Amino acid sequence: MKLKHSLLVAGIVAALSQTVAANDNLAGLHADMLGCDACHSASMQPQDDNLSIENGNCADCHGDIHEVAELTASAHVNVHASHFPGEPACTSCHQAHQPSVNYCDACHSFDFDLPFAGKWQRHEPSIAELAKEQADRSAALALAPRATTDIVVVGSGGAGFSAAVAAHDAGAKVILIEKEPVIGGNAKLAAGGMNAAESASQAALGIKDDVEIMIKDTMKGGYDKNDPALVDVLAQNSAGSVAWLTAMGADLKDVGRMGGASVNRSHRPTGGAGVGAHVVQVLLDNAVERNIDMRLNTRAVEILKDDNGAVRGLLVKGAHTGYYWISAKSVILATGGFAKNNDRVAALDPKLKGFMATNHPGATGDGLDVAANADAAMRDLQYIQAHPTHSVKGGVMITEAVRGNGAILVNREGQRFVNEITTRDRAAAAILQQSQGSAFLVFDHAVRKSLKKIEGYVELGIVPVADDLVALGAKAGIDGAALSQTINSYNGYVAEGKDAQFERQNLPRPLTQGPFYALEVTPAVHHTMGGIAIDASTAVQGTDGKAIAGLYAAGEVTGGVHGANRLGGNAISDIVTFGRVAGEQAAKYIGK
Ligand code: FAD
Ligand code: MEZ
């Protein structure tokens, strides 16, 4: 019954072109070729929301994603060799009964060839809209719970995975749910690094840092709107969180500079690869090793409480199996921020209406609604951050590490206009003041070689390159003569160790080694600093000022850690540290 995937690769293109007229989706094609049970179990209904049977059947015929990646290796950008951690399920993109979508298109704008492709469009009903499905919800709640556990963790980003692993290691039984078809949330996209002070990696590189300086930098960057108790937890535990990840298999040996930091404290894999995909992969591997129950396509919609107001479980909606509830003594909300929900963003900060976002599609702010419906207090929701450097072409966030490793920002007139490694609110505001509201990251080959992340940008074809600066200007639309002059002056500042123009603190290298690169960038909504009010033990605070028994929250869904403006690299530190704290505290609450 099963096709050999080599046979399929040889025949698939021809088969598709012949059958595309007769079938307008993958289900039709497979039904014609092999019948419905090529994909589904005998019951013809998905048995779980991970679509384990359906995805298993895809892999049996076509090979797993690594095998498919080998077969598509000749493509300019091999989408099957994506930066996503884990093994994204085939059905994340290849949908059967409706047009397929490139999951990447939710954020980027590349033209990948996909059989039976439709355009990315998704209307995810809000938590308030789902409340109208009262009959289905009541029916589900009238039944016995479909699962029983100690703790449900909501969200498979860095905070959720850290909480799940920590709670498991403290002796609790854990179910982790994720509404998207892929794991990792925004955490998997994190690029530049994870901040930590007094770490072993810093010591190995001879970098002198101090927890107190990290606290000062974080409070200053946040305009002192941060909760000092939370900042204390962040900084005091930062090196411990790097050590915790390292003990589980992470490589966080490379340490670079981020905006607003007094010293190099942003940790990432050797050679400067993206930190997020690596950290999420390590956490995933550890969750798998521990046999933690992980459910994708499963959305948290309501926290269930007992008569005393303590958590007794969670109502969820499975994308394929519908509503059911999980009995649990504790829930940890780790649902991330809401930067991808422009309606919500613009309602809080009208300046950001219509802005692009750097975030993954699930960053809509569900957790805030779910928590608010459970009477949780909120704080600082008005503080929303734009990342200064989102590529105009392709829609890719260009990591701050490119500037940290030596790139400068110039406008169309070929002039620098800001200290490139200032805090991101200042850098973003300065870029928006330039003509056409954009600017160019200009760097040389030495900067490219210093950071693996840059290879990805070049491979995507979004970075104009030329052997000299005048030619680069002509290609990118910058005044080339002025650009040459600007780079000459900048190289002089590097040689003197002092930036006479903008007092940039780190001047890692001159820009002298061609070829040269110019990447057009503009700000995009990036991080939401506000959220659920928690205390230093991550207990969710109710609107009555008391902790809600059994409810914990960690990561970008919370408010208070970053004040009015987050420093680059502090979020990964936040989510790992507070995720661990939440896991440990929830386990303690249930008596482990
Ligand atoms: P996320 O990682 O976003 O995970 C939350 C998960 O919860 C998501 O998967 C979401 O789908 C899921 N979810 C939401 N609602 C529900 C629901 N109702 N039911 C079930 N699941 C739900 N920070 C740094 O410190 N350093 C960096 O280098 C860095 N680079 C970044 C690069 C990019 C492109 C982006 C977008 C962010 C970057 N950040 C960086 C910020 C950082 O990645 C995020 O702040 C952080 O990952 C948030 O982690 P989290 O675990 O709180 O949420
Ligand atoms: O903390 C961040 O959001 C960050 C460092 C992003 C980046 O530019 O890489």
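Everything below is about the structure shown above.
Throughout what follows, the structure given in this document is the object of discussion. (Residues numbered from 1 in each chain as written. Chains lettered and ligands numbered in written order. Predicted model: local features only at pLDDT ≥ 70, side-chain atom pairs only at ≥ 80, totals over all residues. Heavy atoms only, no water.)

Regarding the overall build of the protein chain
1) Next: Counting its regular elements, the protein chain contains 20 helices and 21 strands.
2) Next: The C-alpha radius of gyration of the protein chain comes to 24 Å, within 12% of the 25 Å expected for a compact globule of 592 residues.
3) Next: If one aligns the C-alpha atoms of the protein chain with their principal axes, the spans along those axes are about 70 × 65 × 45 Å.
4) Next: Put simply, the protein chain has 592 residues, and 57% of those count as buried.
5) Next: Excluding contacts between residues fewer than 6 apart, the proportion of contacts in the protein chain whose partners are at least 24 apart in sequence is 72%.
6) Next: On the protein chain, the mean spot of the 49 positive side-chain charges and the mean spot of the 63 negative ones are 3 Å from each other. (Helix = DSSP H or I, 4+ residues; strand = E, 2+ residues; numbered from the N terminus. Rg over C-alpha atoms; globule rule 2.2 N^0.38 Å. Buried < 20%, exposed > 50% of the residue type's maximum accessible area, 1.4 Å probe, protein only. Contact = heavy atoms within 4.5 Å. Lys, Arg positive; Asp, Glu negative; His and termini not counted. Charge placed at Lys NZ, Arg CZ, Asp CG, Glu CD.)

Focus: the packing of aromatic side chains
1) Next: Applying the stated rule across the entire model yields three aromatic pairs.
2) Next: Ring geometry for phenylalanine 443 against tyrosine 517: centres 5.1 Å apart, planes inclined by 15°, an arrangement best described as stacked. Taken together, the positions of phenylalanine 443 in strand β15 (residues 439-444) and tyrosine 517 in strand β17 (residues 516-528) put the pair 74 residues apart, joining distant regions of the chain. This pair shows no difference in class: phenylalanine 443 is buried, exactly as tyrosine 517 is. (Phe/Tyr/Trp six-rings, centres within 6.5 Å; stacked < 30°, edge-to-face > 60°.)

A short note on the site of ligand 2
1) Next: In the neighbourhood of ligand 2, the contacting residues comprise Ala191, Gly192, Met258, His387, Met397, Thr399, Glu400, Arg424, His526, Arg566, Gly568 and Gly569.
2) Next: Within the backbone of glutamate 400, one N or O atom sits 2.5 Å away from an oxygen atom of ligand 2.
3) Next: Between an oxygen atom of ligand 2 and a side-chain N or O atom of arginine 424, the distance comes to 2.9 Å.
4) Next: Split by residue class, the shell around ligand 2 holds three nonpolar, six polar and three charged.
5) Next: For the shell around ligand 2, the two domains that each supply at least three residues are domain 2 (185-291 + 350-383 + 529-589) and domain 3 (394-525). (Near = heavy atom within 4 Å. Polar contact = N/O pair within 3.5 Å; in protein donor to acceptor, adjacent residues only side chain to side chain. Nonpolar A, V, L, I, M, F, W, Y, C, P; charged D, E, K, R; others polar. Domains from an automatic or database assignment.)

Spatial relationships are all this shows, so hold off on functional conclusions.
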